[in-house]
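Chain and residue survey
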Amino acid sequence: MVLKFIHAVDALSLLMFRASFVFVLGMIAAIGYEVFSRYFLGSPTVWAFDITYMFNGVILMFAAAWTLSDGGHVRVDVLDRVMGPALRRWIDTIFFIAFCTPVLSAIAYHAVRRGLRSFERGEVEMVSPWQPLIWPFQAVLAIGICLLALQCLAEGLRRLIGAETAAAGRVEEVV
Amino acid sequence: MDEYVLAATMVPVLIMMIIIGLPVAFSLIVLSFAYALPIFGDIAGLQLYNFIDQVSSNYALSAVPIFVFMGAVIERSGIAEKLFIAMRMWLDRFPGGLGLATIAMCAIFAAGTGIVGAVEVMVGMMAIPAMLKARYKHDLISGTICAGGSLGTIIPPSIVVVIYASLANISVGALFAGILIPGLIMVALFMLYIVVAARRGGEDRDAVERLPEVPLGEKLRLTAVAIVPPLVLMICIIGSILTGIAAVTEAAAVGAVGVLILTTLYGKLSFSLLWESLKVTGLLTSMILLIVVGGTMFTSIFVVHGGGTMVSDLIDWLSVGDFGTMLLLLGIVFILGAVLDWVSILIIALPIFAPIIKSTGIDETWFAVLVIVVIQTSYLTPPMAPSIFYLRAVAPPEMSFGAMYRGVLPFIFCQIITLVIVMLFPQIAIWGTSL
């Protein structure tokens, strides 16, 4: 049951991670078009600036959870050998379940509320000449933070049941 | 000092969390939340959300994924192998020619990627076997690889510069201009040392691996194919940033397109190359930016608790003068560099240091260049040297840690000389501010 939950979260994170690939290429294409349009067509676009930072936000938000699952977030491992695997496991379990999950959930709660408010009011970005709707970007932030909270819970549970090294504990990435 | 009690505990608690091996980004976020609660109560979560929004919508930071992607593609494009052969062809006749070729390749590569670890591993895999065959001493080999790998931070365009400039609110272009000359000085010093060491150690006589003499026509052809395109591409990227033709993000995107075209011309473009590069991009970008998110939260909460005034009071109390203050701050950066990676150092140190530097009248760009050189030095300095850990991963088992530590020392000395030169002649670091 717990293992199923962990696998489901992993699978979801991996899916979002792969979705971020589209935005990396999309961002390069958008900026490329902007530069082309400015120098060869004689007019800059109104949307490239907003699209660029928004896509960057999307990449961060969609990729962060899988990066956590993949062990890609920087940590210092000098004390690992001194502490031994059992203590390491307990520290990480407590940190992820008792600290990271509640904190990220609290942030996620506000992210969802903020996004819903913008959606209901149809708020637009005022500083931009393009004036895009805010809610799609805020929805991305909300999804990303929720996913990160879920992944933190999954990481804690994975260590709690001792499945972090067993093959069963990881959805292996198939390229 | 009572009012500073909370602020004073923040940094030690953070360092403790990091030392016991908790992920840096998550330590920052959790700690910020804990310290935000007493001030903001129920809306602490909303405050932290605003920081996530702020970092996610920062236009300047958009250059990060593009540079990472560009570096990942270059790494897999076969440009490196060609470059190494072409460089050896020209530099073989000099003492320590292989070492020189390695540094030259690293310099061009560093311009292409701006990430240190990946460059070092790749260059190491190519250069170590060749140098071993040529009977280079182990310490010279390890020093060369580590020093070459460290160039990623100091040769523009580097991601460190993008992050630094957006955090400290100084011009990215000016900072790129600022690190250009120190970077070149450092490359020159590295090469000079390799020539001297190789001559003394006899590496030039023992160079059994010397390539057969190539006819000039062939040499020129290889140069045109292997050296000129990447070099021109890098010069275009750096040039368009320095002259202000393109924003950093735009130069990065155009550079990425250029690299993709070059990879296609070399016949290496494939779905799996793109896929692998995108994977690296997602992993590294989210790793770096999540630390930026956490760091932004941490320093803001630190300032709310009076941390900023606490630090400047402390500096006043020490009364060591402008120059002393600068040395002190650089020293702190160096010590932090022993435990933390560069993103975390910048994130924690900058927002606290920036106001202090502003109040002293020391040029911010000059200080930034010095910080970047110091970060690069701490990357190389034992006992906690990331460069040596990366080297260990690709070095043959008979190469000892002792040889590695001995090997990097002369190169650290070269970096210190560079640091002193920049200190004595601030003009080489700040000429870009007036562009």
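Not measured: the values here are computed from a predicted model.

Digging into the overall build of chain B
- Helix and strand counts for chain B stand at 20 helices and 0 strands.
- The globule rule puts the C-alpha radius of gyration for 435 residues at 22 Å, and the 22 Å found for chain B is close to it.
- By its C-alpha atoms, chain B is 75 × 45 × 45 Å across when sized along the principal axes.
- Each of the 435 residues in chain B was classed as buried or not, and the buried ones make up 60%.
- By element, 71% of the accessible surface of chain B is carried by carbon and sulfur atoms, the whole surface being about 15,800 Å².
- A gap of 19 Å separates the mean positions of the 18 positive and 24 negative side-chain charges of chain B.

As for the overall build of chain A
- Secondary structure assignment for chain A yields 4 helices and 0 strands.
- Start at the N end of chain A and walk to the C end: the helices and strands fall as α-α-α-α.
- Its C-alpha atoms give chain A principal-axis dimensions of about 65 × 35 × 30 Å.
- Sorting the 175 residues of chain A into buried and exposed places 47% on the buried side.
- For chain A, contacts bridging at least 24 residues in sequence account for 74% of all contacts bridging at least 6.
- Each charge class in chain A can be summarised by its mean position, and for the 14 positive and 14 negative side chains these summaries are 5 Å apart.

With respect to the interface of chain A and chain B
- With 56 residues of chain A at the contact, the number on the chain B side is 54 residues.
- With both sides pooled, the region where chain A packs onto chain B buries about 4,800 Å², and carbon together with sulfur makes up 79% of that total.
- Applying the counting criterion to the chain A and chain B interface returns 1 salt bridge.
- Here Arg38 of chain A makes a salt bridge to Glu250 of chain B, at a shortest N to O gap of 2.5 Å.

A short note on the packing of aromatic side chains
- Enumeration over the complete set of coordinates arrives at 18 aromatic pairs over all chains.
- Here the aromatic rings of Phe298 of chain B and Phe302 of chain B are separated by 6.4 Å at their centres, their planes lie at 10°, and the arrangement is stacked. With a gap of 4 residues between them, Phe298 of chain B and Phe302 of chain B both fall in helix α13 (residues 271-304), about one helical turn apart.
- Joined through ring pairs, the aromatic side chains of Phe17 and Phe21 of chain A together with Phe271 and Trp275 of chain B make up one cluster.

Examining the packing of helix α10 (residues 172-201) of chain B against helix α17 (residues 364-380) of chain B
Residue and element names in this part refer to chain B.
- Close contact between α10 and α17 brings their axes to 9 Å; oriented N to C, the two are set at 45°. What the angle tells us is that α10 and α17 run oblique. As for how α10 packs across α17, the hand of that crossing is right-handed. Residues Ala174, Leu175, Gly178, Ile179, Pro182 and Met186 of α10 touch α17, and the partners they reach there are Thr365, Ala368, Val369, Ile372, Val373 and Gln376.
- Considered class by class, the residues forming the contact of α10 with α17 number 9 nonpolar, 3 polar and no charged.

Notes on the pattern of salt bridges
Residues and elements named next belong to chain A.
- On inspection of all chains with the given rule, the structure shows 14 salt bridges over all chains.
- Between Arg159 and Glu155 there is a salt bridge whose closest N-O contact spans 3.0 Å. Of this pair, Arg159 and Glu155 both sit in helix α4 (residues 135-160), 4 residues apart, roughly one helical turn. One exposure class covers both Arg159 and Glu155, and it is buried.
- Three or more residues joined by partner-sharing salt bridges are found here, namely Asp10, Arg75, Asp80, Arg88, Asp92, Glu155, Arg158 and Arg159.

Quick look at helix α8 (residues 138-150) of chain B
Residue and element names in this part refer to chain B.
- Here α8 is 13 residues long and its end C-alpha atoms lie 18 Å apart, about the 18 Å a rise of 1.5 Å per residue gives.
- Here α8 lies mainly inside the structure; 11 of its 13 residues are buried.
- Among the residues of α8, those classed as buried are Leu140, Ile141, Ser142, Gly143, Thr144, Ile145, Cys146, Ala147, Gly148, Gly149 and Ser150.

Section: the packing of helix α3 (residues 44-56) of chain B against α13 of chain B
All names here are of chain B.
- At a closest axis distance of 9 Å, the pairing of α3 and α13 adopts a crossing angle of 135°. In terms of orientation, α3 and α13 fall into the oblique class. Pair α3 / α13 crosses with right-handed handedness. Taken together, the residues of α13 that come into contact with α3 (itself represented by Leu48, Phe51, Ile52, Gln54 and Val55) are Leu289, Val292, Val293, Thr296, Met297 and Ser300.
- Taken together, the residues of the contact of α3 with α13 break down into 8 nonpolar, 3 polar and no charged.

Reading the values: the criteria
- Residues numbered from 1 in each chain as written.
- Chains lettered and ligands numbered in written order.
- Predicted model: local features only at pLDDT ≥ 70, side-chain atom pairs only at ≥ 80, totals over all residues.
- Heavy atoms only, no water.
- Helix = DSSP H or I, 4+ residues; strand = E, 2+ residues; numbered from the N terminus.
- Rg over C-alpha atoms; globule rule 2.2 N^0.38 Å.
- Buried < 20%, exposed > 50% of the residue type's maximum accessible area, 1.4 Å probe, protein only.
- Areas by Shrake-Rupley, 256 points an atom, 1.4 Å probe, with all protein chains shown as cover.
- Lys, Arg positive; Asp, Glu negative; His and termini not counted.
- Charge placed at Lys NZ, Arg CZ, Asp CG, Glu CD.
- Contact = heavy atoms within 4.5 Å.
- Buried area = accessible area lost by both parts, 1.4 Å probe.
- Salt bridge = Lys/Arg side-chain N within 4 Å of Asp/Glu carboxyl O.
- Phe/Tyr/Trp six-rings, centres within 6.5 Å; stacked < 30°, edge-to-face > 60°.
- Axes fitted to C-alpha atoms, helices over the stretch in contact; angles between N-to-C directions.
- Parallel < 35°, antiparallel > 145°, perpendicular 65-115°, else oblique.
- Left-handed = near helix turned anticlockwise from the far one by under 90°.
- Nonpolar A, V, L, I, M, F, W, Y, C, P; charged D, E, K, R; others polar.
- Expected span 1.5 Å × (residues − 1).

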